[in-house]
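Each chain, letter by letter, is given below.
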Amino acid sequence: MMNHFMFLALLLHLRTAYSQQESFVFPVTYLNVHKDLALQRLLVEWDVGKSAHDAELVMSFEIQVRRADEAIVWTEFLNVTLDKSGKRLRWMWDSDLPLECMSHSVRIRSKAEASKNWSQWSLWETIQGLDTTNLSEPKIFPDEKIIEEGFDISLCCIGRKGQIIKDFFLNSPIPYFNRTNSQVGLLIAKNVTYKGVPHVLCRESCSEDNCFAHAVFFVGRPPDTPHDFSCQTRNMREITCTWDQGRDTYLYGSHSSKHNLSEQFSKSSVPCTVNCSERCSCSWDIGKQRIYNITLAVENPLGRRTAVEVFDVAHRIYPLPPFQLWEEYTDAEIELHWEQTEKEIELFCQAEVWQSDGKAKLYNSSSTQLYRNSITLGGLQPYTSYTARVRCGAAKHFWRWSEWSKAHPFRTKEIAPSGKLDIWREITPVLWGRNVTLFWKQETGFQANGEIISYEVTWEKVVDRSKPKQISLSSDCNSTRISIDNHPHKISIKARNNVGYSHPSVMIIPGATDTEKKLSSSELKEEHVNGTGDGIFISWKPRDKSDSYIIDWCNFPMLQPCDLQWKRFGPNASSALIKSAAFVPGVRYNFHIYVSAANRASLLEKKTGYLKELPPRFDPDVKKVELGYHEVTVYWDPYPTDEMHPGFLRGYHVYVSPVQEDCNLKGSKKHVLAGGSVLCKFTIENPEEKSYTVKHLMSNTKYKLAVKAYTGGGETPIVNFRYIDTPTDSRMLYLLVLFVVVPSLTMAVCLWKMKWVKDCCCPVIPSPNKSKVLSFQEFKMGSEKVLKLSDCVPDTLALDNRAETKTLHQQSLMSSTPTEDKMDDETLSSVYRNENEEKSFTPTPTPQTQTWFENFAYSSHLAVETNPCKAVETSEISRGEPSAALYQPQYYLNILNGASASSPGEAAGRKNSLRYISQSDVHCIGRRL
């Protein structure tokens, strides 16, 4: 019953509290604000009534922060469950602007969570800034602040009372913006990066010394977590921990990162000094402790990072490298020895041996090394240089290898040469026998095993087994020449070093008869082979029974000696790509293929070819060109095909084209020159050909012609041409005269006769009014045109009396003066015909004899330039007389004017016998047609 009443009382209490919670508010009864300038933080403390604590209400609070400029800069809501202890509530706010810059105020209001009504705001609780104090000079906050890269920073400059901040800026490439129009200037830099140490400058509107302020701040990074943190020992007496500190923090001096090591089992700091020159390290004595739990802490003003390492010292042995290596020789192997600093540690070691060709081989010790520091090296080549180095690790609980020891060079012992020399020969018949030139070289399979000091050459007859002959040659030799007779011989060559001889290489030289037959060049045809760009490909027909095939050639065919080379191939080979650094384009190389069986070699095939063929060095020498009306035949000398030429001659090209136009002949191909002109190209594929006929040409045409030889490498560019002119086809000329010239002349004669008949029957009567001479003013009298005889110069005079004509003509010749231009006899003869020629051209005389004088003053050309058929009929000058018969017009004017020195009767008679004929008139009785 008692429990029942207690339960009812509790329900009544809760109902009352809930009713109060809905009906009443619980205002803030206490508010206090403090500031932490080091952290730039406001610490706010407040409380509500005790009844709210007793009721353990869930309450909501709204907190606002404002600055001196009455701008609300922060609003935050908090939900808190109160307890009966009556503990005051606390809240912290970090300011993005230094608290020194201006005053900050805080107020709070509250409400129960179940209530809809907020309490009244508390009064503003204000923390004063330096803007309210009397400063002796402007101040910048913060000063020497450290900010993490990528974050923002806000700075302010507080001026003295009554002063206005005029300039507030960063002397750094960091982007920023500011506001400098009051006593407090603000500057904000966003997402700052490290670009040196930024300097902040502030200046009031005055110019005295105390009007300026200066500050700096630092941009950095928090430390990285230590990389590759590990601890180890090299001698079981000292522990060394190493790590990589990571990227640069940009913080130095007092702001740089601090390293601290502590041991967790012993709960103490590790007594070591950190050194961070390359990698950070710290060392201390082991003592009796064997298991460690080391914590490494790295800290700077922007953060702290840690790394942990737990280890057993016996499992972290990192030996020191071996030193003082030396070797001992056995019959077939080498024993490599060294010294070790710590002899109490059981080690497992490894040797690395390098050959001269750069290949390396590893050798592991067969047992752990506690007192015996050595490794056996086998499989090395005799008399060969090597380089060895050694490293070791702990045999138990291997941790890591030591560093390599210093490299130790050594050379193995010398033994007798192994394998055989590769030998070859060249046989030259002479009068009394043969000269055999022997060649040898060290090929794969032959090992000198030491320093070769000589080569031993031995030869003897195969048949009668006479006493062998022997010579010893120095190690610098690789060939020698011996003389043998015509019998078969056996030759052997072996190499010798300080220990012994190699196995002999044997060769059988057949008898002279067989040799001459085998080596006869007339029996084997020389076949052409082709280059592939990196070598010359050669193939041959294999033999059934053979031990090997040998190919020999000369690297420098034009030199003597020609640097003979040879290469040996297996019995199943039938082709090979011969390569040589000495091969060059344009040089012909000759190859001989031999088959070898039972140490006897015989010639099998002969090949010749080029690595790459080049065009001929010169053009064929054209000796003769035969021309026809419509064809041309070109002859040239035989083109040489010896080994001096840079390619195999394949044939010739003949190029033809008219000089003034492109070519297009039947049976040709077009060939376009660099300038764009087109030639006709004819190909002769027979290298033995020495002539070619080009047909279908045009007669009486100028052509250009070129003959080029070509090889597998092509031909040289066309530079020079031979120019030819095809003759005129007389048959075509005859047809031209017959069908073109004759009809044209006939038509011209007909037209001329028609005009002659017309002029004879209907002559043109001249009109004075149409005269150009009478067109001038001085020839006019009134409206009529008047022509005086003294104003005219006639072009032709007709004399009726033959005797007077001769007299007048002779006087004119005597009074005439020769011109400056002299005419030879031939010219005179063309101008003045003799009397016989005149008679041959003079028509049948009329009863009245007339003589014509042409006035040359009307002509723009002299008599020597006129048609011979228009010569003066009365001219009778012989070839021996001087050429002074040019016309003198003044004399004839005197005659016409009656001013002659002759008697009046003669003048009157001449006047009656003369009459004027116009230049435009044509007369039937004269020669002027």
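Structural notes, computed from the coordinates. Please read all numbers here as calculations on a predicted model, not as lab measurements.

What counts and what doesn't
- Residues numbered from 1 in each chain as written.
- Predicted model: local features only at pLDDT ≥ 70, side-chain atom pairs only at ≥ 80, totals over all residues.
- Heavy atoms only, no water.
- Helix = DSSP H or I, 4+ residues; strand = E, 2+ residues; numbered from the N terminus.
- Buried < 20%, exposed > 50% of the residue type's maximum accessible area, 1.4 Å probe, protein only.
- Polar contact = N/O pair within 3.5 Å; in protein donor to acceptor, adjacent residues only side chain to side chain.
- Contact = heavy atoms within 4.5 Å.
- Disulfide = S-S within 2.5 Å.
- Phe/Tyr/Trp six-rings, centres within 6.5 Å; stacked < 30°, edge-to-face > 60°.
- Lys NZ or Arg CZ within 6 Å of the ring centre and 35° of its normal.
- Core = buried A, V, L, I, M, F, W, Y, C linked by side-chain atoms within 4.5 Å.
- Pairing = 2+ DSSP bridges.
- Axes fitted to C-alpha atoms, helices over the stretch in contact; angles between N-to-C directions.
- Salt bridge = Lys/Arg side-chain N within 4 Å of Asp/Glu carboxyl O.

**Focus on the side chain of glutamate 335**
Considering the arrangement of structural elements, one finds glutamate 335 in strand 24 (residues 334-339). Accessibility expressed as a relative area gives 11% for glutamate 335, which makes it buried. There is a polar contact of 3.3 Å between the side chain of glutamate 335 and the side chain of serine 374. Among the polar contacts made by the side chain of glutamate 335, one reaches the side chain of threonine 376 at a distance of 2.8 Å. Excluding anything up to four places from it in sequence, glutamate 335 contacts Trp326, Glu327, Glu328, Arg372, Ser374, Ile375 and Thr376.

**Let's talk about the state of the cysteines**
Scanning the model with the defined rule gives 9 disulfides in all. With its sulfur 1.8 Å from that of its partner, cysteine 231 forms a disulfide with cysteine 241. Residues cysteine 231 and cysteine 241 are joined through a disulfide that is right-handed, its torsion about the S-S bond being 105°. Here the residue cysteine 231 occupies a position in strand 16 (residues 227-233), and cysteine 241 occupies one in strand 17 (residues 238-244), the gap between them amounting to 10 residues. Given the relative accessible area of 0%, cysteine 241 is considered buried. Across a sulfur-sulfur distance of 2.0 Å, cysteine 349 and cysteine 392 are joined as a disulfide pair. Residues cysteine 349 and cysteine 392 are joined through a disulfide that is right-handed, its torsion about the S-S bond being 100°. Taken together, the residues cysteine 349 in strand 25 (residues 347-355) and cysteine 392 in strand 28 (residues 385-394) connect sequence positions 43 residues apart.

**Some points on the packing of aromatic side chains**
Two numbers describe a pair of aromatic rings. These are the distance of the centres and the angle of the planes. Going through the model one piece at a time under the given rule, you end up with 24 aromatic pairs. Taking 4.9 Å as the distance between ring centres and 70° as the angle between the ring planes, the aromatic pair formed by tryptophan 424 and tyrosine 594 counts as edge-to-face. Of this pair, tryptophan 424 sits in strand 30 (residues 422-430) while tyrosine 594 sits in strand 42 (residues 588-597), and the two are 170 residues apart along the sequence. Note on tryptophan 424: relative accessible area 2%, which makes it buried. With relative accessibility at 7%, the residue tyrosine 594 sits in the buried group. Seen in terms of ring centroids, tryptophan 540 and phenylalanine 569 are 5.9 Å apart; in terms of plane orientation they differ by 50°. Their pairing is tilted. With tryptophan 540 in the loop between strand 38 (536-539) and strand 39 (548-554) and phenylalanine 569 in strand 40 (residues 564-569), this residue pair connects regions lying 29 residues apart in the sequence. This pair shows no difference in class: tryptophan 540 is buried, exactly as phenylalanine 569 is. Geometry around tryptophan 124 places arginine 66 over its ring, the cationic atom sitting 4.2 Å from the centre. Positioned above the aromatic ring of tyrosine 594 is the side chain of arginine 425, whose terminal nitrogen or guanidinium carbon lies 5.2 Å from the ring centre.

**Considering the nonpolar core**
Ranked by internal contacts, the top residues of the largest apolar core, which has 24 residues, are Leu42, Val44, Trp46, Met59, Phe61, Trp91 and Ile108. Of all elements in the fold, only strand 1 (30-36), strand 2 (41-47), strand 3 (58-67), strand 4 (72-81), strand 5 (89-94) and strand 6 (104-112) reach the threshold of two or more residues within this core. Sorting elements by how many residues they give to this core places strand 3 first, with 4 residues. Those residues in contact with methionine 59 that lie beyond four places of it in its chain are Phe26, Val48, Ala52, Leu78, Asn79, Val80, Leu82, Ser110, Lys111, Ala112 and Glu113.

**Observations regarding the sheet that holds strand 28**
Taking strand neighbours across the sheet as the criterion, the 4 strands line up as 26-25-28-29 in an open arrangement whose pairing is antiparallel. In this open sheet, the two edge strands, each paired with only one partner strand, are strand 26 (360-364) and strand 29 (408-411). This sheet shows a mean twist of 30° between the axes of neighbouring strands, independent of strand direction. Note: strand 25 against strand 26, 5 bridges, orientation antiparallel. Its bridge partner lying in strand 26, valine 353 is registered against lysine 361.

**Here we look at unusual backbone geometry**
In this structure, the amide linkage connecting phenylalanine 141 to the following residue, proline 142, adopts the cis form with an omega of -10°. With an omega of -5°, the peptide bond running from glutamine 560 to proline 561 counts as cis. Within the chain, aspartate 228 stands out as a residue other than glycine whose phi angle is a positive 50°. Here aspartate 228 shows up in strand 16. Residue aspartate 228 is classed as exposed on the basis of its relative accessible area of 52%.

**Thoughts on the pattern of salt bridges**
When the charged atoms of two side chains with opposite charge come close together, those side chains can pair. Counted by the stated rule, this structure contains 31 salt bridges. Where lysine 708 meets aspartate 619, a salt bridge forms, and the shortest distance between an N and an O atom there is 2.9 Å. Of this pair, lysine 708 sits in strand 50 (residues 702-711) while aspartate 619 sits in the loop between strand 43 (600-610) and strand 44 (622-627), placing them 89 residues apart in sequence. Owing to a relative accessible area of 35%, aspartate 619 belongs among the partly exposed residues under this scheme. One connected set of salt bridges, linked through shared partners, spans Glu527, Glu605 and Lys607.

**Examining the sheet that holds strand 34 (residues 479-484)**
Two strands in a sheet stick together by hydrogen bonds in their backbones, pointing the same way (parallel) or opposite ways (antiparallel). Read from one edge to the other, the open sheet built from 3 strands follows the order 30-31-34, with strand pairing classed as antiparallel. With partners counted over all chains shown, the strands left at the sheet margins are strand 30 and strand 34, one partner each. Strand after strand, the sheet turns through a mean of 20° between neighbouring axes, direction not considered. Sheet topology places strand 30 next to strand 31 (residues 433-441); 9 bridges connect them, and they run antiparallel. Its bridge partner lying in strand 31, isoleucine 427 is registered against valine 436.

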